Amino acid sequence: MELISNLALGLGVALTFQNILYCFFGVLLGTLIGVLPGIGPVPTIAMLLPITYALPPVSALIMLAGIYYGAQYGGSTTAILVNLPGESSSVVTCIDGYQMARRGKAGKALSIAAIGSFIAGTFATLMVAAFAPPLAEVALKFGPAEYFSLMVLGLIAAVVLASGSLIKAIGMILLGLMLGIIGTDVNSGLQRYTFGLPELSDGIGFVVIAMGLFAFAEIIINLEHRGHREVFTDKVSGLLIKWSEFKEALPAILRGTGIGCCLGILPGGGALLSAFAAYTIEKKIAKDPSQFGKGDIRGVAAPESANNSGSQASFIPLLTLGIPPNAVMALMVGAMTIHSIQPGPQVMTSNPQLFWGLIASMWIGNLMLVILNLPMIGIWVKLLQVPYRLLYPGILVFCCIGTYSLQNNVFDIYLSVLFGVLGWIFVKLECEPAPLLLGFILGPLMEENLRRALLLSRGDPSVFMTRPLSATLLTLAAILLIIVALPMVRKKRAEAFQEQEEPA
Amino acid sequence: MALIRHPKDFWAGVLFIVLGGGACIIALDYSFGSAGRMGPGYFPRALGLLLAGLGAILVLRSFKLVGEPISFPTFLPLGIVLLSVFVFGISVNALGLVVSTILLVLIASIASHEYRWKESVIAALCLAVFVVIAFRYGLKLQLPTWPSFLVGS
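Residues numbered from 1 in each chain as written. Chains lettered and ligands numbered in written order. Predicted model: local features only at pLDDT ≥ 70, side-chain atom pairs only at ≥ 80, totals over all residues.

### With respect to the interface of chain B and chain A
Then, in step 1: The interface is formed by 56 residues belonging to chain B together with 54 residues belonging to chain A.
Then, in step 2: Breaking the side of chain B that touches chain A down by element, the ones donating at least two residues are helix 1 (7–27), helix 2 (42–61), helix 3 (76–109) and helix 4 (117–138) of chain B.
Then, in step 3: With 16 residues, the single largest contributor to the side of chain B that touches chain A is helix 3 of chain B.
Then, in step 4: In the side of chain B that touches chain A, the residues fall into 40 nonpolar, 13 polar and 3 charged. (Contact = placed C-beta atoms within 7 Å. Helix = DSSP H or I, 4+ residues; strand = E, 2+ residues; numbered from the N terminus. Nonpolar A, V, L, I, M, F, W, Y, C, P; charged D, E, K, R; others polar.)

### Describing the environment of A:Trp356
Residues and elements named next belong to chain A.
Then, in step 1: Turning to its location among the elements, tryptophan 356 is positioned in helix 16 (residues 352–373).
Then, in step 2: Between the alpha carbons of tryptophan 356 and isoleucine 20 there is a distance of 14 Å; along the sequence they are 336 residues apart.
Then, in step 3: The contact partners of tryptophan 356, leaving out residues within four places of it in the chain, are Asn6, Leu7, Leu9, Gly10 and Val13.

### Details of the confidence of the model for chain A
Residues and elements named next belong to chain A.
Then, in step 1: The predicted model of chain A has a mean per-residue pLDDT of 82, with 92% of residues at 70 or higher.
Then, in step 2: Across chain A, element-level confidence peaks in helix 19 (residues 411–428) with a mean pLDDT of 92 and bottoms out in helix 23 (residues 487–501) with 56.
Then, in step 3: Low pLDDT, under 50, characterises residues 499–504; the stretch is placed with 8 contacts to residues that sit more than four places away or in other chains. (pLDDT = per-residue confidence, 0-100.)

### Side note on the nonpolar core
Across soluble globular proteins, you tend to see nonpolar side chains buried next to one another.
Then, in step 1: In terms of nonpolar packing, the biggest core is built from 223 residues, with A:Ala210, A:Leu331, A:Leu396 and A:Leu437 touching the most fellow members.
Then, in step 2: Of the residues forming this core, the biggest block, 18 residues, is contributed by helix 6 (residues 106–139) of chain A.
Then, in step 3: Three or more residues apiece are contributed to this core by two domains, here domain 1 (7–61) and domain 2 (76–148) of chain B. (Core = buried A, V, L, I, M, F, W, Y, C linked by C-beta atoms within 7 Å. Buried ≥ 20, exposed ≤ 12 C-beta atoms within 10 Å, placed from the backbone. Domains from an automatic or database assignment.)

### Focus: the packing of helix 2 (residues 17–35) of chain A against helix 16 of chain A
All names here are of chain A.
Then, in step 1: Two elements in contact, helix 2 and helix 16, have axes separated by 9 Å at closest approach and are oriented at 55°. Taken together, helix 2 and helix 16 sit at an angle that is classed as oblique. Helix-helix and strand crossings are classified by hand; for helix 2 and helix 16 the assignment is right-handed. On helix 16, the residues touching Asn19, Ile20, Cys23, Phe24, Gly26, Val27, Leu28 and Thr31 of helix 2 are Gly357, Ser361, Ile364, Gly365, Met368, Leu369, Leu372 and Asn373.
Then, in step 2: Broken down by class, the residue content of the contact of helix 2 with helix 16 amounts to 9 nonpolar, 7 polar and no charged. (Axes fitted to C-alpha atoms, helices over the stretch in contact; angles between N-to-C directions. Parallel < 35°, antiparallel > 145°, perpendicular 65-115°, else oblique. Left-handed = near helix turned anticlockwise from the far one by under 90°.)

Laid out in structure tokens, this is it:
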């Protein structure tokens, strides 16, 4: 039973006083930003990255991971009580969650969301522990050609699963890849696209890009819409759910968990897509789908379970292949690099305590989240009543200090202003910024592996097709692209994303 | 403008062409090398061309597909928010964390349509105190706290 001894090792690491504290801090902060609409895990983690320099690597990663899955819990609170997704992944929860709240069942909706998330978190933790080692084994056989092909597959999958225009999403990835080139070329020492600025010779920090594209642009867009936030201030009571209600919700929770686990592994997947898929499937297989949209408990249980297991499963490609499947995981790569840990299959063998400690902390964090979110729900409700006009200046202050303290350099702040403008333009043109960040992170890795692969094959590009693993990966990528380009699938995809955007 | 029927696609296409083409032109100065021994110019040029190509498709498509116009309800938040961040940037080294934070909050608050100046003054002071406690003393970040002409540096 290697699994059990591994988990025991992980628990030993995660249960030290210091790590429990950082885990708690992470999930607390995650809940906080999850509850608050307008700030998500990407800018928060980006903001906290510089602070983690001083921490031991395990504690840093435990805390940052806690922010991500903690945000999934917090987001559901806002969705249920305010009919606003506190987190993009709780968009679907708004539909039935808010209806339940309107019928005076807010407490029950919150309970089932938290219980479902906890069950999902437990399963997802076990799955990460069970599947990561065999996958890492495969990854150890990878050469440069395989890595390049895998990244192509990852980027294509990210595009396919993203909402909106395909061409624009590919363009955003290319733009991200190009931004990644800025700085000193590792092979020749040449300064590329630095425009003579010494500050750019090390490249642009991804925190700078994340702040500009995600935090600043989002605040600006929020301020452009003059809408008043309607807060559901009724007393939240009746947290206890009946056994019969739990039995009704349990199959939905389990199905949601499964969907989240599967979709979370895919690049570009993660929380949002999982939640959406789980809701749709639940509605399809229900005997009486008429109740959905009117406050059906399954309509809360399934997506909330799915987004939590999805967010945790997205750690699998990061930890085993070293490839981040979404923007949050891209930031985790950054966190690992800060501590000079190269993410990839070797992490498990060279740093078993870090690897298993992180996994075990996820389960502990989930346990804390249930406690944070149910008995202490009153605090979060209070927080929702803070008006946005008081919130966003604070968010801006934290972003600025976070950006500055990266290198104690104001140049990064100016650069983030530039990316704020760019992010605003992207929103106006309906170009999604998430693929850009993914491309930016993978860019240098891709160029390096492409160069190496072609150097080894003496410039023969057929190396990508003659090596079986690489060929399989590229074929998969091609199949994915063709499938999405088919007119029939394209129509379905458009419909699916439209349905998802409606309740927002 | 009747020719451009999908303005969002059109301008996204233009943006891609400008950025991709620009990157390509700059990369002409970097040696291209060959596939076997790639120079620093190989990857950027390939990417730039691809991006410009996609941009061209978007532009051409925008003459055929129909899409909504781009909406600009107000430019005030864009200007104010980014200005406040910029002011923080130019002031933080000389004036220190406290003054910069207050300036940032006071300026940024104007962007809200529910702006009340008294409220924003109080918020600015509270945040300044919190920031100093949390970042200067709690996390021990290396930031100048007070204006350099007051404490001398």
